[in-house]
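# Close look at the chain arrangement
Chain residues, written in single-letter form:
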Amino acid sequence: MALSRRVLAIDPGSRVTGYGIIDVLGQEVRYVDSGCIRLADEEMPLRLMMIHQGITELIRSYRPQEFAIEAIFVHKNPASALKLGQARGVAICAAVLAQLPVAEYAAKSIKQAVVGKGGAEKTQVQHMVKILLNRSGVIQSDAADALAVALTHAHHLQTQRRQQLAGLATAWEQ
C-alpha cells in the first residue's frame, strides 16, 4: 500500500512568494492548490512577517507532511540575493516551527526533474508543470516555480520509496 504525502513547496521572493501544494500517492501526483503570497509595498521586516504569516496559514489549512524549497543560488545583484535569502529563511522557519521536514533543491536539479535538462528556460518549466499536473489555463509564474519544486520533491519521495522496496525485496530473497 502506497503512503500518501502532502507536499508544500515555496518559491520565495521579497515581493511575491509562490506556493504549490500536491499530494503524492505512490507513483501518482495530484494537484491540490497553488498561488502567490503578494506582499504589500512595505519595509522588508513587515514583508518578512507577511511571508511567515502566509506560509503558517497554508500549513494550518492544508496540513502538509513535507516542505520543499529551492536552494540558495548566487544572484547577480547582492542586495537582491540578501532579500531572497531573508525570504527563504522566514519560509524555512515557518516550516521548522510546524515540525515539517525541509528539503532543498538546486534550480538546476528542479529543471532536470521537471523538464529533463538542467538548463531549461522558465517557460519550458511552466509548460511541463501544466502537463505533469494535468492543468489547463495560466499558472502564475511564481506558483508554477513552486509547483516545479513540489514535483521535484515528489520525484525524490518516489525514488526513496522504490529504494526501500528494493531493499525489502533483497532482504526477502536472502
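Residues numbered from 1 in each chain as written. Predicted model: local features only at pLDDT ≥ 70, side-chain atom pairs only at ≥ 80, totals over all residues. Heavy atoms only, no water.

Within an unreviewed UniProt entry, the label attached to the protein reads Crossover junction endodeoxyribonuclease RuvC, and the organism entered is Cardiobacterium hominis. UniProt's Subunit (unreviewed entry) comment on the protein is quoted here verbatim: "Homodimer which binds Holliday junction (HJ) DNA. The HJ becomes 2-fold symmetrical on binding to RuvC with unstacked arms; it has a different conformation from HJ DNA in complex with RuvA. In the full resolvosome a probable DNA-RuvA(4)-RuvB(12)-RuvC(2) complex forms which resolves the HJ." (UniProt positions renumbered as here; feature names shortened; annotations may be inferred.)

Attention now moves to the pairing of strand 4 (residues 66–70). Most of strand 4 sits out of view: 5 of its 5 residues are buried. Burial of the side chains of strand 4 extends over both faces: Glu66, Ala68 and Glu70 are buried on one face and Phe67 and Ile69 on the other. One ladder, built from 4 bridges, connects strand 1 (residues 4–11) with strand 4; its direction is parallel. Residue pairing in the sheet places Val7 in a bridge with Glu66 of strand 4. Inspection of the sheet shows strand 4 paired to strand 5 (residues 102–105) by 4 bridges, in the parallel sense. Bridge pairing in strand 5 places Phe67 opposite Val102. (Buried < 20%, exposed > 50% of the residue type's maximum accessible area, 1.4 Å probe, protein only. Helix = DSSP H or I, 4+ residues; strand = E, 2+ residues; numbered from the N terminus. Pairing = 2+ DSSP bridges.)

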